[in-house]
Amino acid sequence: MKIQTSTVRKAIVAAFVAATTLFGGASIAAEQTLKVVTFAPPDKNHSSMVMYRRYIKRVNKAGKGLVKLDHIGGPSVVPLRDQMNATSKGISDMVMTFTIHKSIVPEIGTVGLSEISPAEERRNGFIDLLDEAHKKIGIKVLGRTATDVGFHIFSKKPIRKIADLKKVKIRSHAGYDPFMKALGASPIHMKISEIYPGLERGVVQAAPFPFSVSSLGLHEVICCAMAESFWSAHTTFNYINRGKWDKLPKAARKVLMDEQLEMERYMGPRIQELRKIERAKLEKAGVKFISLPADEAKRWKGIANNSSWAVLKKRIAPEQYAKIRKLITR
């Protein structure tokens, strides 16, 4: 039997109307898969990696049918120094990393100096300021992936006072250098993967690092850690390619941002739990935590913050610098 073209057309229209009615009149979009890279390998237990793995899991559950995050790996997939550029160019869609790109976006160098909570940073416009600063490289700032973590000095010999760090060969990079030099230490640049062998062979006697060092095995090659931290706000953030973000359906963007905000509410208490677990693990392995005298403990954080602000003042426009410092300093 011959079927009339008009009959076929009517059948297609009827099917379309039925489908759009079934789904509330909305067009059906395919699930968006976003390629994600991170500063550390997927299995590392840095506080920000613990938070971010949870974020990915929650996004994939809440966004089923809308958006899916595919964590393709860490530095072995895209070298650390190339990750932000890869995301800027759309080679990867999202990146979770620290302030490695501050030479291009100097404002991001201030995040470790913040004295306020992630919620306060959103309310007072600090996150919006960072987001605006990243537009020039085609990146949208979603928000923090850790807070109240801090950096500690892990060493082969006890550090009982600030003067004990003078002339000590210490692992460093461009971000640490001003602080290490202000302490009178001798900074030596090393990749994260070089810290363990560097300490083991005596190339360096100490290394600053976020609290989660047992995953690097550092407890095997150190004796001690400074109890006092510096830059406690931490520096890891969640970023997405701005073009990709703009093209995502509103519902998908809502899932990503809702889960970002949930992560920021969750991370504070959870990270403190992780710190307690990590400290107990390190102490069980024989690592001794040594506190500075009370007067030096306060000076310790002052040296760390002031050395960073001094560098940032030279890199950020005066008005912008003053605005940021006012926003994040209590």
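Calculation notes
Positions within a chain are numbered from 1, following the residues in the order the chain's sequence is written. Confidence filtering applies because this is a predicted model: local features only for residues at pLDDT of at least 70, side-chain atom pairs given and counted only at 80 or more, and all residues used for totals across whole chains, interfaces and linings. Just so you know, side-chain values use all the structure's heavy atoms and leave hydrogens and water out. When DSSP locates at least two bridges between a pair of strands, those strands are taken to pair. A run of H or I in DSSP becomes a helix once it reaches four residues, and a run of E becomes a strand once it reaches two; helices and strands are each numbered from the N terminus. Call a crossover right-handed when, viewed with both strands pointing away from you, the route from the first strand across the helix to the second goes clockwise. Each aromatic pair joins two rings of Phe, Tyr and Trp (for Trp, the six-membered one) with centres within 6.5 Å, and gets the label stacked for planes under 30 degrees apart, edge-to-face for over 60, and tilted for any other angle. In this scheme, a residue with accessible area under 20% of its type's maximum is buried, one over 50% is exposed, and one in between is partly exposed, where area comes from a 1.4 Å probe on protein chains only. To obtain each axis, a line is fitted to C-alpha atoms, and for helices this fit is confined to the stretch in contact; angles are then taken between N-to-C directions over 0 to 180 degrees. Pairs of residues are marked as contacts when any of their non-hydrogen atoms sit within 4.5 Å. In these notes, a set of buried Ala, Val, Leu, Ile, Met, Phe, Trp, Tyr and Cys residues joined through side-chain atoms within 4.5 Å is what counts as a nonpolar core. Per-residue confidence from the predictor is reported as pLDDT, a score between 0 and 100. Should an angle lie under 35 degrees it is considered roughly parallel, over 145 roughly antiparallel, and from 65 to 115 roughly perpendicular; all remaining angles are considered oblique. Left-handed is the label given to a crossing in which the near helix is rotated counterclockwise from the far helix by less than a right angle, and right-handed is the label when the rotation is clockwise. In this analysis the probe radius is 1.4 Å and the grid spacing 1 Å, with only protein atoms considered; a cavity is a set of points the probe fits into but cannot get out of, a pocket is an open set with protein on both sides within 12 Å along at least five of seven lines, and lining residues have an atom within 4 Å of a point. Grid points are joined across faces, edges and corners, and a volume is the space filled by probe spheres set on the points. Charged residues are taken to be Asp, Glu, Lys and Arg, nonpolar residues to be Ala, Val, Leu, Ile, Met, Phe, Trp, Tyr, Cys and Pro, and polar residues to be all remaining types, Gly included.

### Some details on the pairing of strand β2 (residues 67–73)
Direction of pairing for strand β1 (residues 32–38) relative to β2: parallel, over a ladder of six bridges. Opposite L34, over in β2, you have L69 as the bridge partner. Taken together, β1, helix α2 (residues 47–62) and β2 form a β-α-β motif whose crossover is right-handed.

### Quick look at the packing of aromatic side chains
Each aromatic ring pair is characterised by the separation of its centres together with the angle its planes make. Here the structure, examined in full by the defined rule, presents 15 aromatic pairs. Geometrically, the ring pair formed by F151 and Y176 is edge-to-face, given 5.9 Å between the ring centres and 80° between the ring planes. Residue F151 is located in strand β5 (residues 151–155), and its partner Y176 is located in the loop between β6 (169–172) and α6 (177–182); the two are separated by 25 residues in the primary sequence. A ring pair is formed by Y176 and W231, whose centres lie 6.0 Å apart and whose planes are at 5°; its orientation type is stacked. You can see Y176 sitting in the loop between β6 and α6 and its partner W231 sitting in the loop between β9 (224–226) and β10 (237–241), a full 55 residues away along the chain. In this pair, the class of Y176 matches that of W231, namely buried. Taken together through their ring pairs, the aromatic side chains of F151, Y176, F179, F230, W231 and W300 make up a single cluster.

### Things to note about the sheet that holds β2
What the five strands build is an open sheet, ordered β2-β1-β3-β10-β4; its pairing is mixed. Each having just a single partner strand, β2 and β4 (139–144) make up the two edges of the open sheet. The sheet shows a mean angle of 25° between the axes of neighbouring strands, direction not considered. Across the sheet, helix α3 (residues 80–88) lies against β1, β3 (94–97), β4 and β10, angled at about 145° from β3, the strand it touches most. Along the sheet face, helix α5 (residues 126–133) touches β4 and β10 and points at about 150° away from the line of β4.

### As for the nonpolar core
In this structure, L130, I153, F179, F230 and W300 are the most contacted members of the largest nonpolar core, which totals 48 residues. For this core, the secondary structure elements donating two or more residues are α3, α5, β4, β5, α6, β10, α10 (294–315) and α11 (318–328). With six residues, α10 is the largest single contributor of residues to this core. Residues in contact with W300, not counting those within four places in the same chain, are I153, I162, L165, F179, L183, M226, E228, S229, F230 and L292. Core analysis: the next-biggest nonpolar cluster, separate from the first, contains 30 residues, L69, A146, M257 and M267 among them.

### Details of unusual backbone geometry
Backbone geometry places K167, a non-glycine residue, at a positive phi of 65°. With respect to the helices, strands and loops of the structure, K167 is situated in the loop between β5 and β6.

### What about the confidence of the model for the protein?
When pLDDT is averaged along the protein, the result is 90, and 91% of the positions lie at 70 or above. For residues 1–27, every residue scores under 50 in pLDDT, and the model assigns this stretch four contacts once sequence neighbours within four places are set aside.

### A short note on the side chain of S172
With respect to the helices, strands and loops of the structure, S172 is situated in strand β6. Exposure remark for S172: the relative accessible area of 0% places this residue in the buried category. In contact with S172, not counting residues within four places along its chain, are D177, M180, P187, I188, H189 and M190.

### A few points about the packing of α10 against α11
Relative to each other, α10 and α11 sit at 150°, their axes nearing to 10 Å. Taken together, α10 and α11 sit at an angle that is classed as roughly antiparallel. Between α10 and α11 the crossing geometry is right-handed. Where α10 approaches α11, its residues N306, W309, L312 and K313 are matched on the opposing element by Y321, I324, R325 and I328.

### Points about empty space enclosed by the protein
Tallied over the full model, the rule gives one cavity of 30 Å³ or more. Volume-wise, the largest cavity comes out at about 30 Å³. Split by residue class, the lining of the largest cavity holds three nonpolar, five polar and no charged.

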